[in-house]
Amino acid sequence: MCHDCGRRSAMNANRSRSETIKYSLRMRGTSFAELARLHTIHPSVFSAVSSGRRRSHTAAKIIADALDSTPSALWPEFYGGKDD
C-alpha cells in the first residue's frame, strides 16, 4: 500500500460528504451561494468547510442549521461534542 493511499481515501470521503451536503442543501431549496449572500460570507468558505479543507465553526453552524443538523453530526472529527 502506498503512503498516499490513506490520504487519498480521506480526500474521497470528504469529497463525497461535500457532495452529499450540497445535494441536501439543493433539496431544501438553497445552496452555498445563497447561504453566502444571507450571511455575507464568501461562498468558497462554505465549499472549503464542507469538504474539510478549512475549519470555520461559524460556516459549519450555518450549513448545519440549513440542514436541521449540527456541526458535530456533519463533521464529528472536527466538532464532536461541540455544538454551541
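Quick caveat: nothing in here was measured; it's all calculated off a predicted structure.

Engineer: Hey, could you go over the side chain of Thr30 for me, with residue numbers and the actual values?
Structural biologist: Locating Thr30 in the fold gives a position in the loop between α1 (5-27) and α2 (32-39). Ignoring sequence-local partners within four residues, the contact set of Thr30 consists of Leu25 and Leu35.

Engineer: Now, about helix α3 (residues 43-50): what can you tell me, with residues and values included?
Structural biologist: Along α3, the positions that sit buried rather than exposed are Val45, Phe46, Ala48, Val49 and Ser50. Residue Gly52 follows α3 closely and has a positive phi angle near 80°.

Engineer: Explain the packing of α3 against helix α4 (residues 57-66) to me, using residue names and the numbers behind them.
Structural biologist: Contact geometry of α3 with α4 gives a least axis separation of 9 Å together with a crossing angle of 85°. Taken together, α3 and α4 sit at an angle that is classed as roughly perpendicular. Packed against α3, whose contacting residues are Val45, Phe46 and Val49, the element α4 presents Ala59, Ala60, Ile62 and Ile63 at the interface. Taken together, the residues that form the contact of α3 with α4 break down as 7 nonpolar, no polar and no charged.

Engineer: Can you explain the packing of α2 against α3? Please cite residues and give values.
Structural biologist: Look at α2 against α3: their axes get within 8 Å of each other, and the N-to-C directions meet at 125°. Considering their axes alone, α2 and α3 lie oblique with respect to each other. Once α2 is placed against α3, the crossing between them reads as right-handed. Contact with α2, carried on its side by Phe32, Ala33, Leu35 and Ala36, involves Pro43, Phe46, Ser47 and Ser50 of α3 and no other residues of that element.

Engineer: Tell me about α2, residues and numbers included.
Structural biologist: Listed in full, the buried residues belonging to α2 are Phe32, Leu35 and Ala36. An end-on view of α2 places all buried positions within 100° of arc, on one side of the element. Exposed residues lying more than 90 degrees from the buried face of α2 are Arg37 and Leu38.

Engineer: Give me the lowdown on unusual backbone geometry, citing residues and values where you can.
Structural biologist: Look at Thr40: it is not a glycine, yet its phi comes out positive at around 50°. Here Thr40 shows up in the loop between α2 and α3. In this structure, Asp68 takes a positive phi of about 50° despite not being glycine. Along the chain, Asp68 falls in the loop between α4 and α5 (71-74). Among the residues examined, Asp68 registers a relative accessible area of 63% and is labelled exposed.

Analysis parameters
Sequence positions are assigned chain by chain, starting from 1 and proceeding in written order. Confidence filtering applies because this is a predicted model: local features only for residues at pLDDT of at least 70, side-chain atom pairs given and counted only at 80 or more, and all residues used for totals across whole chains, interfaces and linings. Water and hydrogen atoms were dropped before computing side-chain values, which therefore reflect all heavy atoms in the structure. We count a stretch as a helix when DSSP gives it H or I for four or more residues in a row; a strand needs E for two or more, and each element gets its number in order from the N terminus. By definition in these notes, contact holds between two residues if any of their heavy atoms fall within 4.5 Å. When accessible area is computed with a 1.4 Å probe and restricted to protein chains, residues below 20% of their type maximum are described as buried, those above 50% as exposed, and intermediate ones as partly exposed. Axes here refer to lines fitted to C-alpha atoms; in helices the fit is confined to the stretch in contact. Angles between the N-to-C directions go from 0 to 180 degrees. Our angle categories are set so that under 35 degrees counts as roughly parallel, over 145 as roughly antiparallel, 65 to 115 as roughly perpendicular, and the remainder as oblique. The residue classification treats Ala, Val, Leu, Ile, Met, Phe, Trp, Tyr, Cys and Pro as nonpolar and Asp, Glu, Lys and Arg as charged. All others, Gly included, are polar. If you view the pair so one helix is near and one far, a crossing is left-handed when the near helix is turned anticlockwise from the far one by less than a right angle, and right-handed when it is turned clockwise. Relevant arc is that of directions from the helix axis to the C-beta atoms, nothing else.

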